[in-house]
Amino acid sequence: MKPTRSQLEDILASLRDPGLRYADIRWTATHEQHVRVRNGEVETLSSTIDRAIGVRVLVGDGWGFAANSDTSEDSLRRTARRAVEVAAASNIASTQRVVLSDIEPHVATWASSFEIDPWSIPIEQKIEHLLASTDPMRGDDRIHQVSGDISCYRQEKIFASTAGSYIEQTTTEMGGGVEAVAIDGSEFQRRTYPNPFGGDFQAAGWEFIERLDLPRKALGVRDEALALLTAPKAPAGRTDLIIGSAQLALQVHESCGHPTELDRAMGLEISLAGGSFLQPSMLGNFRYGSEHVNIVGDATVPGSIGSFGFDDDGVPAQRFHLIEKGMFVGYLTGRDTAPAIGRKSNGTVRAETAARIPIIRMTNINLEPGTTPLADIIADTKRGIFVETNKSWSIDDLRLNFQFGCEVAYEIENGRLGRMLKNPLYTGNTPEFWRSCDAVADRASWQIWGLPNCGKGDPMQTMRVAHGAPAARFRDVEMG
Amino acid sequence: MRTNADSFAILESALNAANAAGASEADAVFESTDQNISRFANSNLHQNMSEVSAELTLRVIVDDAMGVASTTVFDAGEIARTAALAREAAKHSDALQNFSGLYRANEPLPEVRTFDDATAAIAPAAKARALREMFDRGSKFNIQFAGAYGTGASSIAVANSHGIRRYCTVTSSDATVIAIGANGSGYATALDRANVDVVTLGDEATFKATLCKDTIEDIEPGAYDVILEPPATAEVVDWMNLITLSGSAYDDGSSFFVNNIGKQVVGTNFTLADDALDPDFLPFPFDLEGLPKRRVALIERGIVRTPAVDKVYADRLGFAPTATCWNLGGTEHGSAFHLSIDGGDATREELIRSTKHGIWVTRFNYVNGLLEPKTALMTGTTRDGTFLIRDGEVVARLPNLRWTQSIVEAFSRIEGLTRERRRVATWYNHFGGTIAPVLKIGGWNFTGKQSAV
């Protein structure tokens, strides 16, 4: 049941604990539909609707959060009382003062845009589109599996707070992609378009699936999977590396997005995926990358799944630099962390649904394009490797030492792309790596990539974020 | 947590709705959970959460094709709408290969103890007091703690159109504690049906954080003998669930089990089972298709036996059912949620004493198993306590190290296992986890290290 504004404001007003400093209530209804075809058959066709309420209160210096999948008014009142009880308990083991940055009250509605509602497209059409894309990929005995995915997502959210805000938001998203698995003996190769794990995602409607042009791209995916079976292995050793847009987006995610989360830098996420080498004392005086490296957090990019109107603190979406001409200048912050660095929240606190506590999450963390065409960067590279499309990712608990594997690589010899190479791995130290960046390609190769599966928090929250990136060149990188 | 009667009333409504929608068979799962998680960092309780949730998942079979839908609202109208969505999904799906129908044998369930009243009733204030005691103890050693401490109680009910009715209540508690000192960190974890002792975990993590705190050495990448604590091994076998053990990994050809059933693939001293009946682990009586749990050897004394499959993929692939469905209609088609590695006859101290030059690893960080799944080539780093062993003694702390290692090869070089085993939780699995001994493995391939900024 969708609560009314007066119900939520009435419940907020009923919270009477004398130590209450702040409270908010969220309600979400999350609709998801997933269609997957595999080897000419519909393998998955699932539909879920998740509804939840969450109440967050700050009593003294103790936070309390309670949630329930029962969204009735009676449940809302019980959940609010439970949040106050939990906050009271927190004060027993709370040892630090909670300071919230100032906020203006907002009464607003916001919705992402789309041309063709994902749910207006019949299931038959989605299946036919995927079968038409993937069936032509079959036929070679070495192609063990072809598959295609289409996903639809819509979240309706209401936020009300004791700061006087009442905000309704709706996000509609679509994603899709295709994959080919080729096997020959013990050789196993997977190639995807436009990205693995369900493809690419945008805040859009069916028109995004049409723009992906899966039927036309699929045969190239098959051909590359087959070619990888017999391609030589990417060599180990140090070399110049050009990273394509899709892979560089994940590099930004792991080695810039996560380490610039202020809660991580303050040690608040150590228990799960670790901390950050980017400490507050380095803000404004640490050279993270070369002068070519400009990375922004921008929750206002139209059509991206990292965009929104307001975060789950009720702070408006913003654009700001994290890395400016290579210098570390900013963090992703929330109301309860920004004061630690003397700043106001820049609006990056979100939760997967109302059943989860809001924490700092990436928005659209984008590497800004440079001025050189990618072709000119390749032409300017005497000897090196070009890699594209992520296959594996791993980074240490301070976001320093990383290793990435890609689906495909190509030799670069005397300024020209040469042989295809399989199983490329590259590794490095985050600031050394970004300082070695000597060319960032122009907007022609820049693309924003939706990642709907960023994990953080406990219980684990899967957040929808995005990264814009062009291709870029890095000198003297360790491969293998 | 809902009662038996409440749960089955919802499930009956779902099965009736499926029948009315034209399903020839149907099954449904209703799960309700009361979960409380306290997260702490810098010896401060900063996130304290309480969640009550319930979800119904309905699967229908129409003309041997399957459709699945789920909801968190349980009135008659919403359940009918959910059944219609599942029916619509089945209508557009292809017939399941070799499908022999939903489970109907209705064998008796094993009797296992799954519920602890005291854990279900624990109040947020009691947990906060335990954390405060741990924080105060750590401050005497200049230790700051970070981690999470969870308790929960759930009811799980399964029903299908062949008369299968299963219901179980279960409690769980788990904690991870990281102790952070001036020169390093330590880690301890516990998982139980009863409330875990977070103060004792704090002491254990403090020991690791202060061990060799004034002796820090460096080491060059290369192959070293390793002593792996259970949390490290658990992260590796968790990844095997995804890339090796599941029905889908077998079917898509990526698992090294393919063409190796019945063959010796790793060392004879390695046995990996799905075992929800072991009273020392986390007992649970049935899977979500209603099949009684039993011990299933996945790798037995080095010989590959079977992937973990749901009934749909047991039929499709020609394996005996393994009672390992934890997601109706899920794309993994089976997961081993009670991963049990047999112990050996050594002690941890004996394994360390037998090591001339090696590395003692407390846990791994950010393992990824997608590099080359056919050999289970994985990468990751160490964290929260990596120690140098020289001439059988732990002599120094080491920086966090990166490794890249084929797990097939590593499990062929196990040189010793402890008799004692410990339980480790996994984030994606609240039914079970992993129970593992300490392993000594020869020639683990370290490829880099965490260097300073």
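Worth saying up front: this structure is predicted, and the values here are computed from it rather than measured. (Residues numbered from 1 in each chain as written. Chains lettered and ligands numbered in written order. Predicted model: local features only at pLDDT ≥ 70, side-chain atom pairs only at ≥ 80, totals over all residues.)

Scanning chain A from N- to C-terminus turns up ten helices and 23 strands. Whereas a compact globule of 480 residues would reach a radius of gyration of roughly 23 Å, chain A reaches 24 Å, a difference of no more than 12%. Dimensions of chain A along its principal axes, counting C-alpha atoms only, are 70 × 55 × 35 Å. Excluding contacts between residues fewer than 6 apart, the proportion of contacts in chain A whose partners are at least 24 apart in sequence is 76%. (Helix = DSSP H or I, 4+ residues; strand = E, 2+ residues; numbered from the N terminus. Rg over C-alpha atoms; globule rule 2.2 N^0.38 Å. Contact = placed C-beta atoms within 7 Å.)

Another aspect to go through is the environment of Phe8(B). As for its position among the elements, Phe8(B) is in helix H1 (residues 4–20). Beyond its immediate chain neighbours, meaning those up to four positions away, Phe8(B) contacts Ala157(B), Ala159(B) and Arg165(B).

A few words on the interface of chain B and chain A. Counting from both sides, the interface comprises 69 residues of chain B and, opposite them, 66 residues of chain A. Here the element with the most residues in the side of chain B that touches chain A is strand S2 (residues 44–62) of chain B; it accounts for twelve residues. Residue classes in the side of chain B that touches chain A are distributed as 27 nonpolar, 29 polar and 13 charged. Across four bridges, the pairing between strand S3 (residues 62–68) of chain A and S2(B) is parallel. (Nonpolar A, V, L, I, M, F, W, Y, C, P; charged D, E, K, R; others polar. Pairing = 2+ DSSP bridges.)

On to the domain arrangement of chain A. Residue and element names in this part refer to chain A. When cut into domains, chain A gives domain 1 (5–230) and domain 2 (237–479). Taken over C-alpha atoms, the centre of domain 1 sits 21 Å from the centre of domain 2. Grouping the amino acids of the side of domain 1 that touches domain 2 by side-chain chemistry returns 22 nonpolar, 16 polar and nine charged. (Domains from an automatic or database assignment.)

On to the pairing of strand S12 (residues 357–372) of chain B, then. Residues and elements named next belong to chain B. Counted residue by residue, S12 has 14 buried out of 16 residues, so it is predominantly covered. Direction of pairing for strand S7 (residues 222–228) relative to S12: parallel, over a ladder of four bridges. Each residue of the ladder has a partner; that of Ile227, found in S12, is Trp360. Bridge analysis of S12 against strand S13 (residues 377–390) gives ten bridges, and the strand direction is antiparallel. Within S13, the residue paired with Phe364 across the bridge is Thr382. (Buried ≥ 20, exposed ≤ 12 C-beta atoms within 10 Å, placed from the backbone.)

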